[in-house]
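Structural overview
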Amino acid sequence: MRGKASQARDDAAGRRAAGELEAAVLAVLQAAASPLSPGEVRDSLGDHLAYTTVVTILSRLHAKGMLDRSKAGRTYVYVPVADEPGLAARRLARMLDAEPDREAVLARFVSGLSPTDEELLRRMLAEPPGATGAG
Amino acid sequence: MHLTVYLPLVLPLLAAVAARPLAERLPPSVATWLLAASAVVLALASSAVLGLLALTALVRIPWVDAVGEISGRVTSHNDPASVPVAIAAGALLTVAATAAARALWRQATALIAAGRQARRLPGAGQVVVTDDEAADAYTLPGLPCRIVVTTGMIRALSEPERQVLLAHERAHASGLHYLFTTAARLAAAANPLLRPVATATGYTVERWADEHAAAVTGDRRLAARAIARAALATTAAPPRPASRAASALGAVGALGAVSGQARMRRPGPVPCRVAALLRPPLPPRLLLLAVAVLLVAVAGASALEAALDFHALLEYAQAVGPS
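In this text the structure is predicted, and so the values were computed from the model without any measurement. (Residues numbered from 1 in each chain as written. Chains lettered and ligands numbered in written order. Predicted model: local features only at pLDDT ≥ 70, side-chain atom pairs only at ≥ 80, totals over all residues. Heavy atoms only, no water.)

Digging into a nonpolar patch on the surface
Residue and element names in this part refer to chain B. Residues Leu55, Leu58, Ile61, Trp63 and Val67 make up a contiguous nonpolar surface patch of roughly 490 Å² in combined accessible area. Broken down by secondary-structure element, the contributors of at least two residues to the nonpolar patch are α2 (28–58) and α3 (62–68). Locating Leu55 in the fold gives a position in helix α2. (Patch = residues over 30% accessible without salt bridge, like charges linked within 9 Å, V, L, I, M, F, W, Y side chains within 5 Å. Areas by Shrake-Rupley, 256 points an atom, 1.4 Å probe, with all protein chains shown as cover. Salt bridge = Lys/Arg side-chain N within 4 Å of Asp/Glu carboxyl O. Helix = DSSP H or I, 4+ residues; strand = E, 2+ residues; numbered from the N terminus.)

Listed below in structure tokens is the structure:
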């Protein structure tokens, strides 16, 4: 059982990492003035990804309908598809996640909860009106 | 210069200890102004004093005296700071200035990036709803600020609770709250002793927006419930890198209303905010405020006095001339 659970966690982590890479690639293409080849995308990312990894991400994003591509010589060049509001905003959120001081500039409605906090809040919500206000 | 020169170096320690109790006891708007302004004044005062102490070593170097046409005899006889103290002060100041410059750069680039993103968001309205299962809501600083709410968050809240959320975020946007937190963070970068003050400022800014939302909706209990439910929805959603935010905000505030078992581990900012809304609003506490303002003013005044003293000393040494 435990093995299965940790396996599932690893898979989740892997998926998240892939999602972050996709967001980073999208961000690069969005910032670019012209269509980019996989090599140019890799150079802009600047974190020593394998060329094949970048190609894989680009084709995956293309398959998802998030990128348009056209032949340029022997390789494809990619551009983001025209912005649909939801996509733009999702990309924005992911891009900002990558900013080192993102949390410093965002005024978030609620920050993360520790397990203790979660428990506390559930208890506060469960208490009948008037019972919590006294303290 | 006499011993008061060291006051601006000691008072940040006091501020670090007092920040959290002040954040809990003063009305959030007052506390935010006090904490952010104190952080800035104390950072400036402590840096100024470090600079002055370092200068006292500099003016004892013979060739500096020769260039400045000042009397080395006067500068070395009229100053209480020993050479090792002055060198240590110079080293500290260098570290502080570097850290502050780096923080300024990072904050500025992050703010500019956020401002650019705020402009690029679709639509013309202040509020942007994004199609995202993960419950989240935040204000992007910019001119103007934009408020982003995900569909996941909208689904998690009832209509009155959504009003609370929007009122809270609008308070951040219209009150330019990010200026307070940015100022406090920069001060804390220059003087790490002030980090608890910056953390407390981050908390009081949230409390300020909470109180605003409670006032707009006219229901403190509703506001408390909206925050609690939004936080639980955010946590239940697929994990996102929010843990950094949680640790940055830190555990501020103590909960009077919760059981002893929970009090063993410090509750985070969200339960504290909920608990504060379940209590009646805080009175102004003018005496407490006056004491805090006075102490900060003392730090500023003693740094200023030290600077004037040093200036007078230099003028005197210059009048005597190179020896």
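Quick word on the packing of helix α7 (residues 159–174) of chain B against helix α10 (residues 220–236) of chain B
Residues and elements named next belong to chain B. At their nearest, the axes of α7 and α10 sit 9 Å apart, and the two run at 85° to each other. Looking at the two axes, α7 sits roughly perpendicular to α10. Between α7 and α10, the contacting residues are Pro160, Glu161 and Val164 on the first element and Leu222, Ala223, Arg225, Ala226 and Arg229 on the second. When its residues are assigned to classes, the contact of α7 with α10 shows 5 nonpolar, no polar and 3 charged. (Axes fitted to C-alpha atoms, helices over the stretch in contact; angles between N-to-C directions. Parallel < 35°, antiparallel > 145°, perpendicular 65-115°, else oblique. Contact = heavy atoms within 4.5 Å. Nonpolar A, V, L, I, M, F, W, Y, C, P; charged D, E, K, R; others polar.)

Examining the confidence of the model for chain B
Residues and elements named next belong to chain B. Averaged over every residue, the pLDDT of chain B is 84; residues scoring 70 or more account for 88%. Across chain B, the element-wise mean pLDDT spans from 35 in helix α11 (residues 243–249) up to 95 in helix α9 (residues 195–217). Contacts of residues 238–264 to residues separated by more than four positions or lying in other chains number 61 contacts, the stretch itself having pLDDT below 50. Interface confidence for the predicted complex, expressed as ipTM, amounts to 0.70; the pTM equals 0.70. (pLDDT = per-residue confidence, 0-100.)

What to know about empty space enclosed by the protein
Tallied over the entire structure, the rule returns 3 cavities of 30 Å³ or more. A:Val105, A:Ala107, B:Thr139, B:Leu140, B:Pro141, B:Cys145, B:His172 and B:Tyr178 together form the lining of the second largest cavity. Residues that form the lining of the second largest cavity fall into these classes: 6 nonpolar, 2 polar and no charged. (1 Å grid on protein atoms, 1.4 Å probe; cavity = no way out; pocket = protein on both sides within 12 Å on 5 of 7 lines; lining within 4 Å. Points joined across faces, edges and corners; volume = space filled by probe spheres on them.)

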